[in-house]
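The chain contents come next:
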Amino acid sequence: MTLFILALGVIAVFLPFVPTWIEIVRKTDATPLKISTQILKDPRETPIAVFWHLVQLLGLDSLDDLKKKATVKQPLMLKESLMAVPAGILFEGIPKNVARVIAAESIELPSRVAYSCKILSLGSILTGDHSLFNELHADEQLTVSTGSKVVWWATANTITLNPEVKTPGKVQAKTSIRINGPVYFHALEAPLIQNTSHPVIIQEKRTLNPTRERILSANDFEVPADEIIEADLVIKGKLLIGPGARIFGSIKAHQGITLGSGAHVYGDVIGLKDIVFSGSNFIQGTLLGNQKIHFGPKCIFGLPESPSTCSAKELSIEGQFQAHGMVRAWKIGHFS
């Protein structure tokens, strides 16, 4: 009986190690798991998301592998609905069964053509004039030429939108978005968004006093010209901030908000009605409008090291403009 109990004890101690001994002898799992760098990150909110999707789709490890795979001298189907094309001018007759076109190098698209497929380049993309696109994605430079339209999504390192371009979808750049004239948009996102004629102006970041007071008013409220206020403003009526005034706090108004020329706000701006920036205004924080927001000439929104969000039902931008972060119009946005 004692020997039986002892044997059971020995089995209980060594039984968990049996699979390990079998693996050492038979090596059933000698090949390690192949985990690509794509799996180690979540690129869905970055401009290169679609490229990493193709890396995964083709069972590759990196963007370099994708570039090698897509380097072709003649159009070649890499997978069902995915076609690789050579550098140069893209031909017009893309087969209807092709959902994505990818080029390893820079490509140029002809004018007055409608493309229903997604077009990608690991180099740059230059579109033709007055063309229609579903999606455009370039790893380097994307230039959308005069009168063209991008319906859904456009991404690149740097993006240039030429006059009369319409982008009802999202335009997203890793570095900058340049506006070359009148442009209609829905959502622009980049560390720098500006008119090309507007020089880069770096504003000084101000840290707000966490113990600042709050000014409440049930009526209309006016900040005199050149006044300096270190407080949050909560106004039930209309808010008028005079030219040259400085607000070191956030502002909220239930009616309209108007900033005179040269007025700066170093906190958030929230308005339930229209918001008007007369010109040469700077807004450091988040800007949210429930109706329309109008920017006069030489307005600056956000900071390079502290990007912000500007959002309203409608946005109109007149003259020189510079923003850092997201500029979104839920209905329509327009650079004049």
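How each quantity is defined
- Residues numbered from 1 in each chain as written.
- Predicted model: local features only at pLDDT ≥ 70, side-chain atom pairs only at ≥ 80, totals over all residues.
- Heavy atoms only, no water.
- Helix = DSSP H or I, 4+ residues; strand = E, 2+ residues; numbered from the N terminus.
- Buried < 20%, exposed > 50% of the residue type's maximum accessible area, 1.4 Å probe, protein only.
- Contact = heavy atoms within 4.5 Å.
- Areas by Shrake-Rupley, 256 points an atom, 1.4 Å probe, with all protein chains shown as cover.
- pLDDT = per-residue confidence, 0-100.
- Phe/Tyr/Trp six-rings, centres within 6.5 Å; stacked < 30°, edge-to-face > 60°.
- Lys NZ or Arg CZ within 6 Å of the ring centre and 35° of its normal.
- Salt bridge = Lys/Arg side-chain N within 4 Å of Asp/Glu carboxyl O.
- Patch = residues over 30% accessible without salt bridge, like charges linked within 9 Å, V, L, I, M, F, W, Y side chains within 5 Å.
- Pairing = 2+ DSSP bridges.

**A word on the overall build of the chain**
The helix and strand inventory of the chain stands at four helices and 29 strands. Out of the 336 residues in the chain, the part that is buried amounts to 46%. Looking at the chain alone, contacts between residues at least 24 apart form 19% of all its contacts between residues at least 6 apart. Counting every atom, the chain has about 17,000 Å² of accessible surface; 57% of that belongs to carbon and sulfur.

**Focus: helix 3 (residues 49-57)**
Regarding helix 3, the residues found buried are Ala 49, Val 50, Phe 51, Trp 52, Leu 54 and Val 55. Of the surrounding elements, those touching the buried residues of helix 3 are helix 4 (63-70), strand 2 (82-85), strand 4 (100-103), strand 6 (114-121), strand 8 (132-138) and strand 10 (149-161). Within two residues after helix 3, Gly 59 carries a phi angle of roughly 70°, on the positive side.

**Concerning the confidence of the model for the chain**
Averaged over every residue, the pLDDT of the chain is 88; the share at 70 or more is 85%. Under a pLDDT of 50 for its full length, residues 28-44 has, in the predicted model, 16 contacts with residues more than four places off or in other chains.

**Remarks on the packing of aromatic side chains**
Using the criterion set out here, one finds seven aromatic pairs in the structure. Summarising the aromatic geometry, the rings of Phe 185 and Phe 335 are spaced 5.4 Å apart at their centres and angled 50° between planes, so their arrangement reads as tilted. A residue pair is termed long-range when its members are at least 10 positions apart, and Phe 185 in strand 12 (residues 183-195) and Phe 335 in strand 29 (residues 321-335) qualify at 150 residues. Since its relative accessible area comes to 3%, Phe 185 is described here as buried. Here Phe 335 falls in the buried class, since its relative accessible area comes to 1%. Every member of this aromatic cluster is reached through a ring pair, and the members are Phe 185, Phe 277, Phe 295, Phe 321 and Phe 335. The ring of Tyr 184 carries Lys 166 above its face, with NZ or CZ at 5.9 Å from the centroid. Lying over the aromatic face of Trp 330, Arg 328 brings its terminal NZ or CZ to 4.8 Å of the ring centre.

**Observations concerning the pattern of salt bridges**
One pass over the full model with this rule turns up six salt bridges. The closest approach of N and O atoms between Glu 105 and Lys 67, which form a salt bridge, is 3.9 Å. Here Lys 67 lies in helix 4 and Glu 105 lies in the loop between strand 4 and strand 5 (107-108), a separation of 38 residues in the sequence. Ionic pairing is found between Lys 174 and Asp 139, a salt bridge with its closest N-O pair at 3.7 Å. Taken together, the residues Lys 174 in strand 11 (residues 165-179) and Asp 139 in the loop between strand 8 and strand 9 (141-144) connect sequence positions 35 residues apart. Judged by relative accessible area, which is 36%, Lys 174 ranks as partly exposed. With a relative accessible area of 24%, Asp 139 lands in the partly exposed category.

**A few points about a nonpolar patch on the surface**
On the surface, Leu 132, Val 151 and Trp 152 cluster together to form a nonpolar patch covering roughly 290 Å² of accessible area. With respect to the helices, strands and loops of the structure, Leu 132 is situated in strand 8.

**Things to note about the pairing of strand 6**
Note on strand geometry: in a regular strand, side chains alternate between the two faces of the sheet. Sheet analysis places strand 4 next to strand 6, joined by four bridges and oriented parallel. Note on strand 6: the bridge partner recorded for Val 101 is Ile 119. Direction of pairing for strand 6 relative to strand 8: parallel, over a ladder of six bridges. The partner of Leu 120 across the bridge, within strand 8, is His 137.

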